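If you want the building blocks of each chain, they are given just below.
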Amino acid sequence: MANADIVRGAFPVGQLDGSPFNGKVNMYLVPSGDGTAVFIGDFVKRGGSAGAAGTVVNGQDVEGMPTVIQAAAGDTLIVGGVVGFLPLQTNLETRYRVAATNRIALVADDPNTIFEIQEDSVGAALTADEVGENADITVAAGNTTTGLSGMELDSSDHKTATAQLRILGLAKRPDNALGTTAAPWAKWNVVINEHAYKTTTGV
C-alpha cells in the first residue's frame, strides 16, 4: 500500500518511557503582535514575553502567561507542538489562530513527548539508515478550514549535527512504510531535539 500524502504537522503519540500520550498540555498565549497564523500540529517556539497585567483573552486571564509563536525551519527554543486552542467565542468554527490576534494555544510541551510527523520526501525519501539522526522541519501554510498545520519533516536535511528534531523510527502501522520514489511521504516518530526546556546537541 502506498503512503498517503496527508500533511497535518506533528501530533503527540507517546512518551520516551514507553507510556502513551496522556493528553496533558499547558496553555500559552499567541500574542496579537505576531503576524503569522498558527495551526494545530505546528511546532511553536518561545515568543520572548508573557501576557501583560490585566489582560484577558476569550475570558481567560493571561497575565504572566508565556507567549509562543510558530517555529520556522532552523529555529531553536522550541516549546512543543500545538494540539488545540481554547474556543474562540466570537467564531467557534475558527480552528486555528488567525494572524495578528490573541489566542490561547494548548501545547504538548514535555521534552520527552514523541510526535508523529510526515516527511516531505523532497529530493529523496528517508531510509532506515537515517534513524537516530537529526533533521529540521519545513513550514508551509496551514489549512484554514481544518485548522491543521502544513509542517513536515525535511527529508533532505537529515544529519548527525544538531537540528530541531531527532528521528526515533518509523511510525508502525499498516498504512505506513519506508518511503520510496514511487511511494514517498512516510510518517516518522520524532522528539524535539532543540527543546526550550531541555536542549541537547549533536546525536
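K.L.:
Any chance you could break down the overall build of the protein chain for me, citing the residues and the numbers?
P.N.:
For the protein chain, the count of helices and strands is zero helices and 16 strands. Seen through its C-alpha atoms, the protein chain measures out along the principal axes to roughly 50 × 35 × 30 Å. In the protein chain, of all internal contacts separated by at least 6 residues, the share reaching a separation of at least 24 is 76%. Of the roughly 9,300 Å² of accessible surface on the protein chain, 53% is carried by carbon and sulfur atoms. The average position of the 13 basic charges and that of the 22 acidic charges among the side chains of the protein chain differ by 4 Å.

K.L.:
Help me get a handle on the sheet that holds strand β1 (residues 10–15), residues and values and all.
P.N.:
Sheet architecture is open: five strands sit in the order β1-β9-β14-β13-β10, paired in antiparallel fashion. In this open sheet, the two edge strands, each paired with only one partner strand, are β1 and β10 (134–135). Pairing analysis gives five bridges linking β1 to strand β9 (residues 113–118), with the strands arranged antiparallel. In the sheet register, Gly14 faces β9, and the bridge partner there is Ile114.

K.L.:
Talk me through the nonpolar core; I want residue IDs and the actual numbers.
P.N.:
Core analysis: the largest hydrophobic core is formed by 19 residues, its most contacted members being Phe43, Phe115, Leu153, Leu165 and Trp188. Contributions of two or more residues to this core are made by β9, β13 (165–170) and β14 (187–192). In contact with Leu165, not counting residues within four places along its chain, are Phe43, Glu133, Asn134, Ala135, Ile137, Leu153, Val190, Val191, Ile192 and Asn193. Val30, Val68, Phe85 and Val107 belong to the second largest nonpolar core, which has 13 residues in total.

K.L.:
Describe in detail the packing of aromatic side chains, supporting the description with residues and values.
P.N.:
Throughout the structure, instances matching the rule amount to two aromatic pairs. Centroid distance Phe39 to Tyr96: 4.9 Å. Interplanar angle 5 degrees. Geometry classified as stacked. On the criterion of sequence distance, the pair formed by Phe39 in the loop between β2 (26–30) and β3 (43–50) and Tyr96 in the loop between β7 (78–85) and β8 (103–108) is long-range, its members being 57 residues apart. Accessibility expressed as a relative area gives 15% for Tyr96, which makes it buried.

K.L.:
Mind laying out the pattern of salt bridges, listing which residues take part and the relevant values?
P.N.:
With the rule as written, the count across this model stands at six salt bridges. In this structure, Lys159 and Asp136 form a salt bridge, with 3.9 Å as the shortest nitrogen-oxygen distance. In this pair, Lys159 sits in the loop between β12 (152–153) and β13 while Asp136 sits in the loop between β10 and β11 (137–138), placing the two residues 23 residues apart along the sequence. Overall, Asp136 belongs to the buried group, its relative accessible area being 11%. Put simply, Arg173 and Asp175 hold a salt bridge, and the shortest N to O gap is 2.6 Å. A relative accessible area of 29% means that Arg173 is categorised as partly exposed.

K.L.:
Let's hear about unusual backbone geometry: which residues, and what values?
P.N.:
It is generally the case that most residues other than glycine have a negative phi and that most peptide bonds are trans. The backbone phi angle of Ala100 is positive, close to 60 degrees, even though this residue is not glycine. For Ala100, the location among the structural elements is in the loop between β7 and β8. A positive phi angle, close to 70 degrees, is found at Trp185, a residue other than glycine. Looking at the secondary structure, you find Trp185 in the loop between β13 and β14. Among the residues examined, Trp185 registers a relative accessible area of 29% and is labelled partly exposed.

Rules used in this analysis
Residues numbered from 1 in each chain as written. Predicted model: local features only at pLDDT ≥ 70, side-chain atom pairs only at ≥ 80, totals over all residues. Heavy atoms only, no water. Helix = DSSP H or I, 4+ residues; strand = E, 2+ residues; numbered from the N terminus. Contact = heavy atoms within 4.5 Å. Areas by Shrake-Rupley, 256 points an atom, 1.4 Å probe, with all protein chains shown as cover. Lys, Arg positive; Asp, Glu negative; His and termini not counted. Charge placed at Lys NZ, Arg CZ, Asp CG, Glu CD. Pairing = 2+ DSSP bridges. Core = buried A, V, L, I, M, F, W, Y, C linked by side-chain atoms within 4.5 Å. Buried < 20%, exposed > 50% of the residue type's maximum accessible area, 1.4 Å probe, protein only. Phe/Tyr/Trp six-rings, centres within 6.5 Å; stacked < 30°, edge-to-face > 60°. Salt bridge = Lys/Arg side-chain N within 4 Å of Asp/Glu carboxyl O.

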